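Structure at a glance
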Amino acid sequence: MEKIIIKGGKPLKGTIEISGMKNAALPILIGSILTEDKCEIENLPDIDDVRITLSILSQMGAVIEENWQENTVTIDTTKIKCGSAPSELVRQMRASYYIAGAELGRFGRTSVGCPGGCDFGERPIDQHLKAFEAIGAFVDSSNGLIEGEAPGGIHNTEFCFDINTVGGTINLMLAAVKAPGLTVIENAAREPHIVDLANFLNTCGANISGAGTDTIKIKGVEKLYGCTYTIIPDMIEAGTFMVAAAATKGDVVIDNIIPKHLESITQKLRQIGVEVIENDESVEVKYRDGLKAISLRALPYPGFPTDMQPQMCTLMCLADKGLSIITDGVYNNRFKYVTQLKKMGADIHINERSAIVSGHGKLSGSSVKAVDLRAGAAMIIAGLAADGVTEIEDIHHIERGYSDIVGKLRGVGADILKADEV
Ligand code: EPU
């Protein structure tokens, strides 16, 4: 089993290039099913979730050419067979449930395994199923499969989500893009990857407006065509390195980003006392003199992202003194990593959906596990800032979503390696 080993205490200095966004790349790759044509997708992150998605699509009959030198993939979905996604791969990730929306949109029926993904307690898909029903599909997920069929074909709808859901919004967009007439999605999620998916589908010939607001309007089109499309930069990868720069008392330029997507993270770092200088396509994060305790609540975009909650909780362990309250307003159980941080000397109490963190200015190296993707990123940040050596196990979680995180951190001076490199 591979491990990441870090000798902590070195301030990060230099420039890090950000890769394409995982949570945009996955629905866009799967969205290519709707085109029955050849798409060229650029700025794809080289991460395990993308590789698994490409394997799934290939086993469904897509013809794929990968060029990882250029982070570009061409994908021809003309011969995709409905219902042929391999369950053992589907179970390895969350975004595989977008196959249901894409199959309904293209074939008017679907059969795909229920998804996996990070364990934050219960992650129901009731909103996805309700949305599919609203556009004319009978769906059932009781046998470990999402199975659906729209006997009269997919039709348009006006649908209001009961809660804010990224995956539900994306799945309805995929399923409705070719439904005749006007589909209106209310209480839609507003994340940048929703906008990126809409831009991709529109480049393929769809007619989607309002993405990025809470009302998305889709005028159904008969056909979508192949296109060339460039994925947006990954705001969570960028945010993770911003926090790593602050935690190590460093000075790092995070390049190839859209600063607007990072506003909630930038604002919190400034409250903590870290200098953040915004440029057109980069931000520079500079440690000044100390880290102040703050409180935050993770919320849907444009609120502070839940996918940055574990990293920020780690930073607050390093606050010079004082209490921080970190609340997760999206998931009810995203604090499993706290047990691992405590092994490094963190002083954290969990109270329902909040972590109450007492900052002591330091952490100590230890052996810890990456319990999920962002939790793993938080362990890396903790290890970079800690006194002594930190060994992180179960790094497959990290490799699902971060492209060459070890190489990128080494490039800015971190003493970090994978165990098989020893
Ligand atoms: N929810 C329901 N019913 C549903 C759908 C969601 O109750 O039918 C609940 C969830 O349990 C959760 C909340 O609604 O409490 C929000 O879930 P959402 O559907 O927005 O999340 P998701 O689509 O499953 C995506 C990202 C996650 C990210 C969340 C929130 C992908 C593949 N995953 O998940 O990313 O945390 O949005 O922004 O896009 C990550 O990258 O580390 C990650 C976990």
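Structure first, text after, so check above.
Residues numbered from 1 in each chain as written. Predicted model: local features only at pLDDT ≥ 70, side-chain atom pairs only at ≥ 80, totals over all residues. Heavy atoms only, no water.

With respect to helix α10 (residues 309-317)
- The element α10 is extensively covered by neighbouring structure, given that 9 of its 9 residues are classed as buried.
- Within α10 the residues assigned to the buried category are Q309, P310, Q311, M312, C313, T314, L315, M316 and C317. (Buried < 20%, exposed > 50% of the residue type's maximum accessible area, 1.4 Å probe, protein only. Helix = DSSP H or I, 4+ residues; strand = E, 2+ residues; numbered from the N terminus.)

Looking at the site of the ligand
- Residues in contact with the ligand amount to 26 residues; listed here are only the nearest, D126, Q127, T165, D307 and V330.
- Between the ligand and G167, the relevant distance is 2.8 Å, taken from an oxygen atom to a main-chain nitrogen or oxygen of the residue.
- Contact between the ligand and V330: an oxygen atom at 2.6 Å from a main-chain N or O atom of the residue.
- Relative to its unbound accessible surface of 830 Å², the ligand loses 90% to contact with the protein. (Near = heavy atom within 4 Å. Polar contact = N/O pair within 3.5 Å; in protein donor to acceptor, adjacent residues only side chain to side chain. Areas by Shrake-Rupley, 256 points an atom, 1.4 Å probe, with all protein chains shown as cover.)

Description of the packing of helix α6 (residues 166-176) against helix α7 (residues 192-203)
- At their nearest, the axes of α6 and α7 sit 10 Å apart, and the two run at 10° to each other. As far as their axial angle goes, α7 and α6 are roughly parallel. Contacts from V166, T169, I170, M173 and L174 of α6 reach α7 at H193, I194, L197, A198 and L201.
- Of the residues in the contact of α6 with α7, the class split is 8 nonpolar, 2 polar and no charged. (Axes fitted to C-alpha atoms, helices over the stretch in contact; angles between N-to-C directions. Parallel < 35°, antiparallel > 145°, perpendicular 65-115°, else oblique. Contact = heavy atoms within 4.5 Å. Nonpolar A, V, L, I, M, F, W, Y, C, P; charged D, E, K, R; others polar.)

Examining the sheet that holds strand β7 (residues 138-140)
- Strand order in the open sheet made by the 3 strands is β6-β8-β7, with antiparallel pairing throughout. Of all strands in the sheet, those with a lone pairing partner are β6 (109-113) and β7, marking the two edges. The average undirected angle you get between the axes of adjacent strands in this sheet is 5°.
- Relative to strand β8 (residues 145-149), β6 runs antiparallel, the two sharing 5 bridges. (Pairing = 2+ DSSP bridges.)

Quick look at the packing of α10 against helix α12 (residues 373-385)
- At a closest axis distance of 7 Å, the pairing of α10 and α12 adopts a crossing angle of 25°. Viewed along their axes, α10 and α12 adopt a mutual orientation that is roughly parallel. Here α10 runs over α12; the crossing is right-handed. Counted together, P310, Q311 and T314 of α10 and R374, A375, A377, A378, I381 and A382 of α12 form the full contact between these two elements.
- For the contact of α10 with α12, a count of residues per class yields 6 nonpolar, 2 polar and 1 charged. (Left-handed = near helix turned anticlockwise from the far one by under 90°.)

Considerations on the pairing of strand β3 (residues 38-42)
- Across the two faces of β3 the burial differs, with C39 and I41 buried and K38, E40 and E42 not buried at all.
- Sheet topology places β3 next to strand β5 (residues 72-76); 4 bridges connect them, and they run antiparallel. Counterpart to C39 in the pairing with β5 is I75.
- Here β3 pairs with strand β13 (residues 228-230) via 3 bridges, running parallel. Bridging from a neighbouring strand, E40 pairs with T228 of β13.

What about the side chain of T183?
- For T183, the location among the structural elements is in strand β10 (residues 182-186).
- Of the polar contacts made by the side chain of T183, one reaches the backbone nitrogen of T157; its length is 3.5 Å.
- Not counting residues up to four positions away in its chain, the partners in contact with T183 are N156, T157, A176, I216, K217 and I218.

Remarks on the pairing of strand β20 (residues 354-358)
- When you tally the buried positions in β20, you get 4 out of 5 residues, the bulk of the element.
- Bridge count between strand β19 (residues 347-351) and β20: 5 bridges; the pairing is antiparallel. Bridged to H349 within β20 is I356.
- With antiparallel pairing between neighbouring strands as the criterion, β19 and β20 make up a hairpin whose turn holds 2 residues, including E352 at a positive phi of roughly 55°.

In short, geometric facts, not functional conclusions.
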